[in-house]
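# Structural overview for review
Single-letter residue listing:
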Amino acid sequence: MKFNINEQNTARLASIIGNAKGICSATEHYFKVTKDSLKVTLFSNSNFMEFTVDVSSDLNDGEEKYFKIDASNFSNTITKVGKNVEIEVGNDNKITIKNVDTKNKISLTVLDEVDESTQNSIKDMLTNLKTKEFSADTLEVKISEDLLSFFKIAQKFMNKSLASNSICINRNVAKYADFLIILKKTLGEEVFASDEDIYLQKVIVDFIEPFAKTDDKIKLIFKKDRNKVLVECPTFGITSAMALLPIQFEYPTEDELKNFSPAKENEVVLTIGKDDLKNAFSLFNGTFRQELWKWETVTIDASKEYLDKGQIKVEHSDLTAECETFIPVSVSSNTADDLINFIISSSCISDFLNLVDGNSVSISMNGLALNEIHGPGIKIFSDSIEAICCKIAEADN
């Protein structure tokens, strides 16, 4: 049996299989060829994924051919051989992948025969999964454009090894917190109709983010006990089930948030244009060696000397360069002591700005030390976003 796969579907096959590594360290990889399609089924004990790509085969209508082979090896070999690919599944436990134009070819060994019983179980696997585990008391989450934007920012900070490896959502609010940032965004629409908190772990975010760019119909369906999620990406023909880890993530309480950020009796609140901030930080980008410039830190000086001139000073220096600039600001209120000077992550603030809907943002800050109540962070807020960015301790010389 032979089938051909074009360049577009070769790229699609490689992309989806590559993205599946995070959810399916799959112990079982099955392929089914029909006259015009290649269905890929990957599953392990707790995770499952199925998708289809278009091919052209020499099978007749109604005929099917199954084979089992390592999915990553199969996909990488197709990509390596070239753009115009013909694949032959032989009766000698080999699959030959050949470039029709150059005649280059690579043969792979088929791991096992796929018997009739296994074929039937693969056919019914998705139906059985939906019937047994996702038939009642599920919760459906829509991936809106706003939520996707939030994903992209939180994803930069998420770490699988941390307990805070989740985004928390509730109706039209998305939240994320770790040791560097605390972030809350009001979304433009409700993404599900329930008052419970739903946690989107890093494995979910990493999996759907590449597909959500072009598929606006992605759905997450959470099992009754919320320990498993079914992901449907209709545009790509992908269905995947993921077992979730126990949730340890907790968003800070209102009292904790107050302690992390400036108090009203000792703060200066500034209104700053988004473009002014972005332009200022762009001056630093590329000036310093990235491997030495951890968190892209800058020192902000908002003492009276500069505020009286309607500006704040931003600077950074190391052994290779020195850089400083001034950002125009408007002082909304000021009850702070004069000594406001601290180190902050410029990349962290820049990421926040991408979630702000308007042209300006408000920033609350003070000069308290990191280890003092109300001293650990600065507060950044607008009508739709509330964030705390933690100050960074000065490195010991």
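Everything below is about the structure shown above.
Now for a quick tour of the structure. (Residues numbered from 1 in each chain as written. Predicted model: local features only at pLDDT ≥ 70, side-chain atom pairs only at ≥ 80, totals over all residues. Heavy atoms only, no water.)

## Considerations on the nonpolar core
Our working rule: Joining through side-chain atoms within 4.5 Å is the link that ties buried Ala, Val, Leu, Ile, Met, Phe, Trp, Tyr and Cys residues into a set, and such a set is a nonpolar core. Type-normalised accessible area, obtained with a 1.4 Å probe on protein chains alone, sets the label of each residue: buried when under 20%, exposed when over 50%, and partly exposed for intermediate values. For helices the rule is a DSSP run of H or I covering at least 4 residues; for strands it is a run of E covering at least 2, with both sets numbered from the N terminus onward. Whether two residues are in contact is decided by their heavy atoms: any pair within 4.5 Å suffices.
Formed by 105 residues in total, the largest nonpolar core has its most connected members in Leu38 and Phe74. Ranked by residue count, the leading element in this core is helix α4 (residues 145–157), at 7 residues. With near-sequence residues (within four places) excluded, Phe74 lies in contact with Phe3, Leu13, Phe31, Leu38, Phe67, Ile69, Ile87, Ile95, Ile97 and Leu108. Counting 13 residues, the second largest nonpolar core, distinct from the first, contains Tyr30, Phe48, Met125 and Ile221.

## What about the pattern of salt bridges?
Once their charged atoms are close, side chains differing in charge can pair, the charge on each being opposite to the other. Operational definition: The rule for a salt bridge is simple: a side-chain nitrogen of Lys or Arg has to be within 4 Å of a carboxyl oxygen of Asp or Glu.
Considering all chains together, one arrives at 22 salt bridges under this definition. Among the salt bridges present, the one from Lys228 reaches Glu133, with a minimum N-O distance of 3.3 Å. Of the two residues, Lys228 is situated in strand β16 (residues 228–233) and Glu133 in helix α3 (residues 116–133); the sequence distance between them amounts to 95 residues. A residue is classified by how much of its surface remains accessible, and Glu133, at 23% relative accessible area, is partly exposed. Taking the shortest distance from any N to any O, the salt bridge between Asp351 and Lys156 comes out at 2.8 Å. In this pair, Asp351 is assigned in helix α9 (residues 346–353) and Lys156 in helix α4, connecting sequence segments 195 residues apart. Salt bridges sharing common partners tie together Lys130, Glu140, Lys219 and Glu232.

## Some details on the sheet that holds strand β20 (residues 311–317)
Here is the rule we go by: Here, strands pair whenever DSSP counts at least two bridges between them. Axis definition: a line fitted to C-alpha atoms, limited for helices to the stretch in contact. Angles are taken between N-to-C directions and run from 0 to 180 degrees.
Overall, antiparallel pairing links the 4 strands, which are arranged β21-β20-β19-β23 in an open sheet. Every other strand in the sheet has two partners, leaving β21 (322–328) and β23 (341–345) as the edge strands with one partner each. Along the sheet, successive strands turn relative to each other by an average axial angle of 30°, direction set aside. Relative to β21, β20 runs antiparallel, the two sharing 7 bridges.

## A closer look at unusual backbone geometry
Backbone geometry places Lys103, a non-glycine residue, at a positive phi of 70°. You can see Lys103 is positioned in the loop between β8 (94–99) and β9 (105–109). Judged by relative accessible area, Lys103 falls into the exposed class, the value being 56%.

## Examining empty space enclosed by the protein
Applied cut-off: Throughout, the protein atoms alone are placed on a 1 Å grid, and a set of points is a cavity if a 1.4 Å probe fits but cannot get out or a pocket if it is open with protein on both sides within 12 Å along at least five of seven lines; lining residues have an atom within 4 Å of a point. Grid points are joined across faces, edges and corners, and a volume is the space filled by probe spheres set on the points. Think of it as three bins: nonpolar holds Ala, Val, Leu, Ile, Met, Phe, Trp, Tyr, Cys and Pro, charged holds Asp, Glu, Lys and Arg, and polar takes everything else, Gly as well.
Applying the stated criterion across every chain yields a total of 1 cavity of 30 Å³ or more. As a volume, the largest cavity reaches approximately 30 Å³. Forming the walls of the largest cavity are Lys32, Lys39, Glu50, Tyr66, Ile122 and Lys123. When the residues that make up the lining of the largest cavity are grouped by side-chain class, the tally is 2 nonpolar, no polar and 4 charged.

## Comments concerning the sheet that holds β9
What the 5 strands build is an open sheet, ordered β5-β1-β7-β8-β9; its pairing is antiparallel. On the outer flanks of this sheet lie β5 (56–57) and β9, each paired with one strand and no other. Bridge count for strand β1 (residues 2–5) against β5 is 2 bridges, and the pairing is antiparallel. The partner of Phe3 across the bridge, within β5, is Ser57. Those strands touched by helix α2 (residues 71–81) are β1, β7 (85–89), β8 and β9, and its axis lies near 25° from that of β8.

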